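# Understanding the architecture of this molecule
Here is what each chain is made of, one letter per residue.
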Amino acid sequence: MYKKFLPSEFVKSVFDISPERLIEKGIRGIITDLDNTLVEWDRPDATPKLVNWLKSMKDAGIQVTIVSNNSELRVKSFADPLGIPFIYKARKPMGKAFIKALNTMDVKREEVVVIGDQLLTDVVGGNRIKLHTILVLPVAKSDGFFTRFNRLVERRIFKALKRRGFVTWEEEV
């Protein structure tokens, strides 16, 4: 049961994920969450560092699609200036938005990674349809209303995963 909550990998931030490493693994697409994964949940625009990271992915031929549970206004106003395709109100962890992102990028499941900061939405959603999932630490220490509830549940899941020896990294979300 706990395996569905277990990410394939854990890194501290998206900046620890290089295009070279992804290409080595045959990755051609990234499905990423937005809030507290790419930027703080209340930051309207991408940071210069994030713009450079996204450009490095594009230059390497790796497509990026944002899949967010947030509103169209939030996701569109962030993604449009960057020229990144997006899916809003994704209803993660349901699989429909992940499948739509795969189809939009025209990539196979084994050619995609899912990057996110939440076990209950990003990791479970990606794992449900057998995608490679990468959990990152949240960018901000604060969260929106619904995410705060998820974090409480996630802490309990992490403790159970740790007791069973599944969590091997130092940091906890």
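Our structure is the block above this text.
First, a word on what this report is: a plain description of the structure on this page. (Residues numbered from 1 in each chain as written. Predicted model: local features only at pLDDT ≥ 70, side-chain atom pairs only at ≥ 80, totals over all residues. Heavy atoms only, no water.)

## Details of the overall build of the protein chain
From N to C terminus, the protein chain includes six helices and six strands. For the protein chain, the sequential pattern of α-helices and β-strands runs β-α-β-α-β-α-β-α-β-α-β-α. Its C-alpha atoms give the protein chain a radius of gyration of 15 Å, within 12% of the compact-globule value 16 Å for 173 residues. Along the three orthogonal principal directions, the C-alpha set of the protein chain runs to about 40 × 35 × 30 Å. Taken over 173 residues, the protein chain has a buried fraction of 50%. For the protein chain, contacts bridging at least 24 residues in sequence account for 68% of all contacts bridging at least 6. Surface accessibility of the protein chain: about 9300 Å² in total, with carbon and sulfur atoms responsible for 54%. Charge-centre separation for the protein chain: the mean point of 30 positive side chains lies 7 Å from the mean point of 22 negative side chains. (Helix = DSSP H or I, 4+ residues; strand = E, 2+ residues; numbered from the N terminus. Rg over C-alpha atoms; globule rule 2.2 N^0.38 Å. Buried < 20%, exposed > 50% of the residue type's maximum accessible area, 1.4 Å probe, protein only. Contact = heavy atoms within 4.5 Å. Areas by Shrake-Rupley, 256 points an atom, 1.4 Å probe, with all protein chains shown as cover. Lys, Arg positive; Asp, Glu negative; His and termini not counted. Charge placed at Lys NZ, Arg CZ, Asp CG, Glu CD.)

## Let's talk about the side chain of E111
Along the chain, the position of E111 falls in the loop between α4 (96-105) and β5 (112-116). Beyond its immediate chain neighbours, meaning those up to four positions away, E111 contacts G26, I27, R28 and G29.

## Regarding the nonpolar core
Ranked by internal contacts, the top residues of the largest apolar core, which has 24 residues, are I30, W53 and I115. When contributions to this core are tallied by element, the ones reaching two or more residues are α2 (48-59), β3 (63-67), α3 (72-79), β5 and β6 (132-136). If one sorts the elements of this core by residue count, α2 sits on top with four residues. Setting aside chain neighbours within four positions, we find W53 in contact with V14, F15, I17, I30, L38 and I115. Core analysis: the next-biggest nonpolar cluster, separate from the first, contains 14 residues, L102, V112, V114 and L131 among them. (Core = buried A, V, L, I, M, F, W, Y, C linked by side-chain atoms within 4.5 Å.)

## Here's the deal with the sheet that holds β3
Taken together, the six strands give an open sheet; going across it, the order is β1-β6-β5-β2-β3-β4, and neighbouring strands pair in parallel fashion. In the strand order of this sheet, the two ends are held by β1 (9-11) and β4 (86-87), each with one partner. In this sheet, β6 lies alongside β5 in parallel orientation, the contact comprising four bridges. Pairing of V113 across the sheet is with H132, part of β6. (Pairing = 2+ DSSP bridges.)

## Overview of unusual backbone geometry
That bond from K92 to P93 is cis: its omega, 20 degrees, falls within 30 degrees of zero. Relative to the elements of secondary structure, P93 occurs in the loop between β4 and α4. Its identity as a non-glycine residue notwithstanding, K89 has a phi of 45 degrees, on the positive side. With respect to the element layout, K89 can be found in the loop between β4 and α4.

## With respect to the environment of I87
Turning to its location among the elements, I87 is positioned in strand β4. Taking relative accessible area as the criterion, I87 reaches 10% and is therefore assigned buried. Distance in space between the C-alpha atoms of I87 and K76 is 8.8 Å, their sequence separation being 11 residues. Each residue touching I87, except ones within four places of it in the same chain, is listed here: I66, V67, S68, A97, K100 and A101.

Read these as layout, nothing more, since geometry by itself doesn't imply function.
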